[in-house]
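Results of the structural survey
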Amino acid sequence: MATIGKNIHHAVQVLSEGQVIGMPTETVYGLAGNALNEEAIVRIFEVKNRPRFDPLIAHIGHRDQLTDLAKDIPSQAVQLIDAFWPGPLTLLLEKTTVVPHLLTSGSSRVAIRLPAHEVARALLSKVHFPLAAPSANPFGYVSPTTARHVHDQLGDRIPYILDGGPSAIGLESTIVGFEMGRPVVYRLGGLTLEAIEDVIGEVTLQRNKSSNPAAPGMLKSHYSPGKPVIIGDVPELLEQYDAQKTGVISLSEQYDVLEMQALSPSGSVTEAAQHLFRVLRLLDDSDVEVILAERFPDEGLGRAINDRLERAGAR
């Protein structure tokens with residue numbers, strides 16, 4: 001059974017042996033292993049029960065490491081790096097020959113991120129390799145935002161979980177790539193579309209939901225609890241479902257149901273994002289039979305929350 005602790009040196013030792021650990025980031029907790037070691041990458045896929053056609057993100061500790069993994073970096077990517085690294089931005093770039101095909105699921109592009117979390121940065125500064133670190137949960141389930149979440153789901157499959165406290169953002173990183181020289185957002189996340197466009201101008205949003213994803217986190221059904229999630233107008237939905245068997249997720253509204261979860265009483269979408277995955281877990285572990293969720297404002301982090309709820313509700 002995994003140990004939860006704050007010993008970075010022990011985490012480095014475990015990773016250096018080719019094993020995988022739970023690690024904190026400001027977005028969600030990751031299942032980390034040496035991104036250049038195929039045995040460690042295979043172990044990540046095995047622990048998560050993740051299909052190998054779904055690529056992984058490589059995490060680096062300093063932007064100077066970028067050119068070890070990526071080449072032909074567009075000028076707009078440099079602008080985004082200057083503006084948002086370290087932070088919840090992943091860039092999808094042409095890979096160098098040192099990057100294993102297994103990491104990218106055979107793609108010629110590699111996803112790279114420089115996290116902002118202090119513990120993650122400290123860990124990355126002490127290992128001599130980038131870390132592949134998809135969310136530390138069984139494939140397709142709700143992403144973890146605390147060390148305890150990781151332990152509850154994967155504690156019997158990994159030796160160590162580095163505890164960095166609750167994730168500050170609570171949503172995965174935003175993924176940006178380039179096609180024919182034009183910027184494309186492949187996954188909505190902790191960095192808003194508006195912030196990106198303020199730096200590089202208009203971008204294309206490609207919300208691909210397929211069985212052959214171009215980037216991590218693009219599968220149609222993902223981030224899902226075991227219980228059905230239905231998104232829409234909650235008062236109308238409550239006419240169809242027994243309130244005493246129902247859980248509701250809203251921004252700030254309150255409803256008379258078995259389990260009511262308003263993510264931000266003050267109406268802050270940023271606060272709501274921090275709590276989304278925790279609340280999905282809580283409702284999944286409760287006595288409710290169905291989870292109803294209102295649609296959030298389709299702007300800023302609200303877009304990413306809606307994206308996660310839609311994928312959680314896909315069957």
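Note that the structure is predicted; figures quoted are calculated from it, not measured. (Residues numbered from 1 in each chain as written. Predicted model: local features only at pLDDT ≥ 70, side-chain atom pairs only at ≥ 80, totals over all residues. Heavy atoms only, no water.)

Side note on the overall build of the protein chain
Tallying secondary structure elements over the protein chain gives eleven helices and 16 strands in all. Here the C-alpha atoms of the protein chain give a radius of gyration of 19 Å, agreeing with the 20 Å that 2.2 N^0.38 yields for 315 residues. Along the first, second and third principal axes, the C-alpha set of the protein chain runs to 55 × 50 × 35 Å. Taking the contacts inside the protein chain whose residues are at least 6 apart along the sequence as the reference set, 67% of them involve residues at least 24 apart. Accessible surface computed for the protein chain: about 12,600 Å², of which carbon and sulfur atoms make up 46%. Measuring between centres, the 28 positive side-chain charges of the protein chain sit 6 Å from its 38 negative side-chain charges. (Helix = DSSP H or I, 4+ residues; strand = E, 2+ residues; numbered from the N terminus. Rg over C-alpha atoms; globule rule 2.2 N^0.38 Å. Contact = heavy atoms within 4.5 Å. Areas by Shrake-Rupley, 256 points an atom, 1.4 Å probe, with all protein chains shown as cover. Lys, Arg positive; Asp, Glu negative; His and termini not counted. Charge placed at Lys NZ, Arg CZ, Asp CG, Glu CD.)

Points about helix α8 (residues 193-200)
All of the buried residues along α8 are L193, A195, I196 and I200. Along α8, the residues classed as buried sweep out an arc of 165° about the axis, all on the same side. Turning to α8, the residues buried within the fold contact α4 (75-84), β10 (174-179), β11 (182-187) and α11 (301-313). (Buried < 20%, exposed > 50% of the residue type's maximum accessible area, 1.4 Å probe, protein only. Arc of directions from axis to C-beta.)

Let's talk about the pairing of strand β6 (residues 89-95)
Judged by how many residues are buried, β6 sits mostly within the fold: six of seven residues are covered. Bridge analysis of strand β5 (residues 70-71) against β6 gives two bridges, and the strand direction is antiparallel. Looking at the pairing, A70 lines up with K95 of β6. Bridge analysis of β6 against β10 gives three bridges, and the strand direction is parallel. (Pairing = 2+ DSSP bridges.)

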